[in-house]
Amino acid sequence: MQFIDLGRQYQRLKDPMDKAIQRVLNDHHYIMGPQVEELEEKLKEKTGRRHCLTTSSGTSALYLILKALDLQKEDACFVSTFTYFASAEAPALAGGHPVFVDSDRSYNMDPEDLEKQIRAVLKEGKYRPRLVIAVDLFGLPCDYDRILPIAEKYGLFVLTDSAQAFGSTYKGKSVCSYGNASATSFFPAKPLGCYGDGGAIFTDDDQLAEKISSLRVHGKGKDKYDNVRLGINGRLDTIQAAVLLVKLGILDDEIEKRQVLAGRYQEALADDYDLPLFFDNRSSALAQYTLMVKGNLSRDKLVEAMKASGIPIMVYYPKPMHMQTAFQDLSYQPEDLPVSLDLSKRVFSIPIHPYLTEGEFQSICQNLITVSQSLQEEVSHEHLDCQ
Ligand SMILES: *Cc1c(COP(=O)(O)O)cnc(C)c1O
């Protein structure tokens, strides 16, 4: 069994995919070929944004947006601590000062803690609140109705890290249409993935889009040999754009299949695990289906037992950002952000790709239920031994 079965997806798309890739080979327009522009147009339509700039990865999408803001050392960048490393790496690399925000039970940024962290920074007076990076973790949109007013109150730029959430909607609109700018990733395992690295930036801000477009090609001015600022090479390859144009055609169908599977997991596993939360006005692309062992049960033992049964499971994420060695200079203690610390000890993700067979689904559920029961028995025996 595969955690994400991209082989089965390729079998579904083989004919149009082979043709689309072959067309790029025939035309040999490998950099900024017509497929890149066509993809950017389609993505603009899908998100309702004025501008889309495709990039070499999700990380470069985040970095280019932040680079365009000319961050200073004193600029506090509020970012979820329970996320993939790139969300926190990008603001630090772009010259800002990361301040981590705790999660709530939805796994996403806790709006209440965001305001608490902003006030703490203002009170200390050493840094100046500048922006917030809201991560739509595992595909679930953040609580934008609460986050956006807080950002507005303190004058913060809002960047949504929707790397795991292309295709998700909040109140019926694409997640990539919220905030001042959004970044997404086309890494193969994301809801919309290419056959290598890729990403995209969305914004309605004309000036910001123009600056990012320059930064994406070494700070180009009138042409690429007129350089008006320092940038990077951050473009998406034509061949990846061609792949994405084909995959875009099945994205909504794939998301629907994931949502059906999620609904069935919610029913099958409700007694044995703490399940992910879903909300009426937020639809999730379900990049991951992430659940938690109950209370004091051992996740390590669960992972071991599932692996022994041949069921691939992953732990996203075992270490929040405030506990990463790369950020040790910021001097956080694990307990400083207690909810994410607890989540990081209990979460695990199970296969939810759209090509999962009924047999695979049943086997995942049965194994999870059996393992949970044996872990619970173990704990109650230990309990008796202690008495
Ligand atoms: C994958 C991911 C990124 C980075 O995307 P890449 O394309 O791998 O560079 C950033 N943020 C989050 C939340 C991600 O999951």
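The text that follows walks through the structure, step by step, so that each part is easy to find. Numbering of residues starts from 1 in each chain and follows the order in which that chain's sequence is written. Thresholds applied to this predicted model are a pLDDT of at least 70 for local features of residues and 80 or more for the giving and counting of side-chain atom pairs; totals over whole chains, interfaces and linings are not thresholded and use all residues. To obtain the side-chain values, all non-hydrogen atoms of the structure were used and water was disregarded.

## Regarding helix α4 (residues 85-93)
Since the α-helix turns once every 3.6 residues, residues separated by three or four places project in the same direction.
Logical step 1: For α4, the full list of buried residues reads Ala-86, Ser-87, Ala-88, Ala-90 and Pro-91.
Logical step 2: Whether two residues touch is decided by their heavy atoms; if any such pair falls within 4.5 Å, the residues are in contact. Secondary structure elements follow DSSP: runs of H or I of four or more residues count as helices, runs of E of two or more count as strands, with numbering from the N terminus. The inward-facing, buried residues of α4 contact α3 (58-67), β2 (75-80), β3 (97-101), β4 (128-135) and β5 (157-161).
Logical step 3: Immediately beyond the C-terminal end of α4, within one or two residues, lies Gly-95, with a positive phi of roughly 105°. Burial here depends on accessible area, computed with a 1.4 Å probe over protein chains only, as a share of the maximum for the residue type. Under 20% is buried, over 50% is exposed, and the range in between is partly exposed.

## Comments concerning the environment of Gly-33
Logical step 1: For Gly-33, the location among the structural elements is in the loop between α1 (6-27) and α2 (34-47).
Logical step 2: Of the residues examined, Gly-33 reaches a relative accessible area of 2% and is grouped as buried.
Logical step 3: Put simply, Gly-33 and Gln-2 are 31 residues apart on the chain and 34 Å apart in space, counted from C-alpha to C-alpha.

## Concerning the state of the cysteines
Logical step 1: To count as a disulfide, a pair of cysteine sulfur atoms needs to be within 2.5 Å. Under the defined criterion, the tally for this structure stands at 0 disulfides.
Logical step 2: Sulfur of Cys-52: no disulfide; nearest cysteine sulfur belongs to Cys-176 and is 9.0 Å away.

## Quick notes on the site of the ligand
Logical step 1: In the vicinity of the ligand, 15 residues are found, and the nearest of them are Thr-59, Asp-161, Gln-164, Ser-185 and Lys-190.
Logical step 2: Pairs of N or O atoms are called polar contacts if they sit within 3.5 Å, as long as, within protein, a hydrogen donor faces a hydrogen acceptor (for residues adjacent in sequence, only side-chain-to-side-chain pairs). The contact in question runs from an oxygen atom of the ligand to an N or O atom on the backbone of Gly-58, over 2.8 Å.
Logical step 3: Between the ligand and Gln-164 there is a distance of 2.7 Å, counted from an oxygen atom to a side-chain nitrogen or oxygen.
Logical step 4: Note that accessible areas follow from Shrake-Rupley with a 1.4 Å probe, and for residues the cover is restricted to the protein chains shown. Taking 380 Å² as the accessible area of the ligand by itself, protein coverage stands at 94%.
Logical step 5: With respect to the pocket detection grid, the ligand is positioned in the largest pocket.
Logical step 6: Broken down by secondary-structure element, the contributors of at least two residues to the shell around the ligand are α3 and α4.
Logical step 7: No other element matches the 3 residues that α3 contributes to the shell around the ligand.
Logical step 8: Looking at the shell around the ligand residue by residue, the classes come out as 5 nonpolar, 8 polar and 2 charged. By convention in this text, a residue qualifies as near a molecule or strand provided that one of its non-hydrogen atoms is within 4 Å of it. Cavities and pockets were defined on a 1 Å grid built from protein atoms only: a cavity is a group of points that admits a 1.4 Å probe but offers it no way out, a pocket is an open group of points flanked by protein on both sides within 12 Å along at least five of seven lines, and a lining residue is one with an atom within 4 Å of any such point. Each molecule is assigned to a cavity or pocket provided more than half of its atoms lie within 2 Å of the corresponding grid points. Gly is placed with the polar residues, together with every amino acid not listed as nonpolar (Ala, Val, Leu, Ile, Met, Phe, Trp, Tyr, Cys and Pro) or charged (Asp, Glu, Lys and Arg).

## Considerations on the pattern of salt bridges
Logical step 1: When a carboxyl oxygen of Asp or Glu lies within 4 Å of a side-chain nitrogen of Lys or Arg, that pair is called a salt bridge. Under the defined criterion, the tally for this structure stands at 26 salt bridges.
Logical step 2: Across the pair Arg-12 and Asp-253 runs a salt bridge whose closest N-O atoms are separated by 2.8 Å. Here Arg-12, found in helix α1, pairs with Asp-253, found in helix α9 (residues 251-268); they are 241 residues apart in sequence, far enough to count as distant.
Logical step 3: A salt bridge links Arg-146 to Asp-143; its shortest N-O distance comes to 3.5 Å.
Logical step 4: Exposure remark for Arg-146: the relative accessible area of 39% places this residue in the partly exposed category.
Logical step 5: Asp-143 sits in the buried class, given a relative accessible area of 17%.
Logical step 6: Via salt bridges that share partners, Glu-74, Asp-75, Arg-128 and Arg-130 belong to a single interconnected network.

## Some words on the packing of aromatic side chains
Logical step 1: For Phe, Tyr and Trp, rings pair up if their centres lie within 6.5 Å, where Trp contributes its six-membered ring, and each pair is then called stacked (planes under 30 degrees apart), edge-to-face (over 60) or tilted (otherwise). One pass over the full model with this rule turns up 19 aromatic pairs.
Logical step 2: Between the aromatic rings of Phe-85 and Phe-327, the centroid separation amounts to 5.6 Å while the plane-to-plane angle is 45°, which identifies the pairing as tilted. Taken as a pair, Phe-85 in helix α4 and Phe-327 in the loop between α10 (299-308) and α11 (338-346) lie far apart in primary sequence, 242 residues in all.
Logical step 3: On the basis of relative accessibility, which here comes to 26%, the residue Phe-85 falls in the partly exposed class.
Logical step 4: The interplanar angle of 50° and the centroid separation of 5.3 Å between the aromatic rings of Phe-100 and Tyr-332 together place this pair among those described as tilted. Here Phe-100, found in strand β3, pairs with Tyr-332, found in the loop between α10 and α11; they are 232 residues apart in sequence, far enough to count as distant.
Logical step 5: A relative accessible area of 0% means that Phe-100 is categorised as buried.
Logical step 6: Every member of this aromatic cluster is reached through a ring pair, and the members are Phe-3, Phe-82, Tyr-84, Tyr-107, Phe-138, Tyr-316 and Tyr-317.

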